[in-house]
Amino acid sequence: MSLLVVGLSHRSAPVSVLERASLAADAQAKLLQDTLAAEPATEAAVLATCNRIELYADVDKFHAGVAELSTLLAQHSGVGLEELTPYLYVHYEDRAVHHLFSVACGLDSMVVGEGQILGQIKDALARGQELHTAGRLLNDLFQQALRVGKRAHSETGIDRAGQSLVSFGLQQLAAGADPALWAGGKRALVIGAGSMSSLAAATLARTGVAEIVVANRTRARADRLVEILQQGDDTAVRARAVEMSAVGDELTRADIVVSCTGSTGLVLTADALADALGVSLDAAPEAPTVTAAAPAPDDVDQHAAWVENGSAASAALAGPATPRRVTVPAQSTGPVRLALLDLAMPRDIDGAAHRIAGVRLVDIESLAEASADAPMAADVDRVRTIVSDEVAAFGAAQRAAHVAPTVVALRTMAADVVAGEIARLDGRLPDLDEKQRAEITQTVRRVVDKLLHAPTVRVKQLASEPGGAGYADALRELFDLDPQTVAAVSRADLNDPNRGRS
């Protein structure tokens, strides 16, 4: 079996496509279940964030796996396969491991170095474990990705290269001013109470806002977030929770709004915002043309060929991007009365809000454009080295683990042979006393252990090297090991309740 990932992210697709392809929690669960039901896959996990959707699977056929995973992503996202295909990238085996480790370290994030992705990877693993779609490979992979990400943040200054999407968004809202000075004393409205909204509320509290109002469809979750904010030792922010029905009234008092819900429709329309400010929608200003990244034509053609005909190579589609010209809304000019930060995918806030006088809107699309010019820290090179080293170590460990059941089966067979021969000896020499019998048994076992020691140690070493997967097969053939015995050892290892827990 081999690791395969098919996905799209802010690096390969425009926000409009990511927005339409976003998956709610129930859709993610159904995608995982359908992936396991597909013939090429035996394990599956989905990593879905505001700027990426990736489906990981352990497959036995590369070509069929790419086609099947691409089709499943299209079916569950609601974006047609022909439309979705140009934006998909494919990574296979070691390249797939390298990709996830890079993601975990924040190297592939919209804001390089941000640490929130670690929580999202942890959630993806927990979902796969809960639904029993993540087996030995994906458990090992995602657990190791979390460790690699933590190592990158603890051993390097990657945190200085970037920050959370929330902090970066507040910087954009501050338009060059110190976010703490800009936000100090303001009233903030946070819509949603999930992980991103909780991070936003905590960041706003540390930034120095005077009050935070939390609105959520489930009032209990909003109350819980308020309780956490009020328990913080490093802030003195006032916090209260309201029903979603009160959002309209709260808009009239808010200076900053951060929204990140799981809604499939708009939470704040342009009309509702205009009403809250007591103004009317202006005529839309002329939209400027900017340069953004799109998949290179060669990559698009290559992936389309993979999906239709398959390919023997696993070259990544996420190669160098070619510029394309896109149109984005211009912001209204004049004093800012209401600053809006939309971190949801699909978006919570109507893009037409930019037409309202006194409103500044920052969303995922504008963050992607701003982050494209963000400086890279020197520590990024160190993180890349860590990722490369960890990929090599993970590959070696997986290859060594592949041969381990065969070694265990071999030693089990040897132990059975020793037991059988000692039993025959008992029949031929029934007068042996216990001391003599024990000495003979121990001698035979030592001989067998010494004979097996060198080949079993060596086969583990050879199996850990690239191309070493065939040594397990050779060992089974040489010693005529029962495949069912080897499989039973593998199943016992997989069902170990302590496996994959950190």
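Only a predicted model underlies this, so the values are computations on that prediction, with no experimental measurement involved.

Chemist: Would you mind going over the overall build of the chain with me for this structure?
Modeler: Within the chain, the secondary structure is distributed over 20 helices and twelve strands. Split into buried and exposed, the 502 residues of the chain put 47% on the buried side. Total accessible area computed for the chain in this model is approximately 23400 Å², and 51% of it derives from carbon and sulfur atoms.

Chemist: How do you make sense of the environment of Leu146 when you look at a structure like this?
Modeler: Note on placement: Leu146 falls in helix α7 (residues 136-155). When the C-alpha positions of Leu146 and Ala104 are compared, they lie 6.5 Å apart, and in sequence the two are 42 residues distant. Not counting residues up to four positions away in its chain, the partners in contact with Leu146 are Leu118, Ile121 and Lys122.

Chemist: I would appreciate a short explanation of the pairing of strand β3 (residues 52-59) in the present structure.
Modeler: When you tally the buried positions in β3, you get eight out of eight residues, the bulk of the element. Of the two faces of β3, both are covered, the one formed by Arg52, Glu54, Tyr56 and Asp58 as well as the one formed by Ile53, Leu55, Ala57 and Val59. Bridging between strand β1 (residues 2-9) and β3 involves eight bridges; their strand directions are antiparallel. Looking at β3, one finds that Val5 is bridged to Tyr56.

Chemist: Got a minute to help me understand the pattern of salt bridges in this structure?
Modeler: Pairs may arise between side chains of opposite charge once their charged atoms sit close together. Under the definition given, this model contains 22 salt bridges. Between Arg347 and Glu19 there is a salt bridge, and its shortest N-O distance comes to 2.6 Å. Remark: Glu19 occurs in helix α1 (residues 15-21) and Arg347 occurs in the loop between β11 (338-342) and β12 (359-362); sequence separation between them is 328 residues. Judged by its relative accessible area of 16%, Glu19 falls in the buried class. Here Arg224 and Glu227 are joined by a salt bridge, their closest N and O atoms 3.3 Å apart. A residue pair is termed a helical-turn pair when its members lie 3 or 4 positions apart in one helix, as Arg224 and Glu227 do in helix α12 (residues 219-231) at three residues. Judged by its relative accessible area of 43%, Arg224 is partly exposed. Under the relative-accessibility criterion, Glu227 is labelled partly exposed at 37%.

Chemist: Just to check I follow, could you spell out the packing of aromatic side chains for this structure?
Modeler: Describing an aromatic ring pair means giving the distance of the ring centres and the angle of the ring planes. On inspection of all chains with the given rule, the structure shows three aromatic pairs. For the ring pair Phe101 and Phe394, a centre distance of 5.9 Å and an interplane angle of 80° mean the geometry is edge-to-face. Placement of the pair is Phe101 in helix α5 (residues 94-104) and Phe394 in helix α17 (residues 379-428), with a sequence separation of 293 residues. Neither Phe101 nor Phe394 differs from the other in exposure class; each is buried.

Chemist: Could you clarify how one ought to interpret the confidence of the model for the chain in this entry?
Modeler: Low-pLDDT portions of the prediction should not be read for the details of their coordinates. This prediction gives the chain a mean pLDDT of 81; 80% of its residues lie at or above 70. Of the regions scoring below 50 in pLDDT, residues 283-330 engages in 92 contacts with residues more than four places distant in sequence or in other chains. Overall, residues 497-502 carries pLDDT values under 50, and its contacts beyond four positions in sequence, including any with other chains, amount to nine contacts.

Chemist: Teacher, can you tell me more about the sheet that holds strand β4 (residues 89-92) here?
Modeler: Across a sheet, strands are paired by hydrogen bonds formed along the backbone, either parallel or antiparallel in direction. Overall, antiparallel pairing links the four strands, which are arranged β2-β3-β1-β4 in an open sheet. The sheet is open, and its two borders are formed by β2 (41-49) and β4, each paired with just one other strand. Each strand of the sheet is rotated relative to its neighbour by a mean of 15°, with strand direction disregarded. When β1 meets β4, the two strands line up antiparallel, connected through four bridges. Bridging across to β4, Val5 finds its partner in His91. Of the strands in this sheet, β2 and β3 are in contact with helix α2 (residues 25-37), which crosses β2 at around 160°. Packing of helix α6 (residues 116-130) onto the sheet brings it into contact with β2 and β3, and relative to β2 it is tilted by some 145°.

Conventions we followed
Residues numbered from 1 in each chain as written. Predicted model: local features only at pLDDT ≥ 70, side-chain atom pairs only at ≥ 80, totals over all residues. Heavy atoms only, no water. Helix = DSSP H or I, 4+ residues; strand = E, 2+ residues; numbered from the N terminus. Buried < 20%, exposed > 50% of the residue type's maximum accessible area, 1.4 Å probe, protein only. Areas by Shrake-Rupley, 256 points an atom, 1.4 Å probe, with all protein chains shown as cover. Contact = heavy atoms within 4.5 Å. Pairing = 2+ DSSP bridges. Salt bridge = Lys/Arg side-chain N within 4 Å of Asp/Glu carboxyl O. Phe/Tyr/Trp six-rings, centres within 6.5 Å; stacked < 30°, edge-to-face > 60°. pLDDT = per-residue confidence, 0-100. Axes fitted to C-alpha atoms, helices over the stretch in contact; angles between N-to-C directions.

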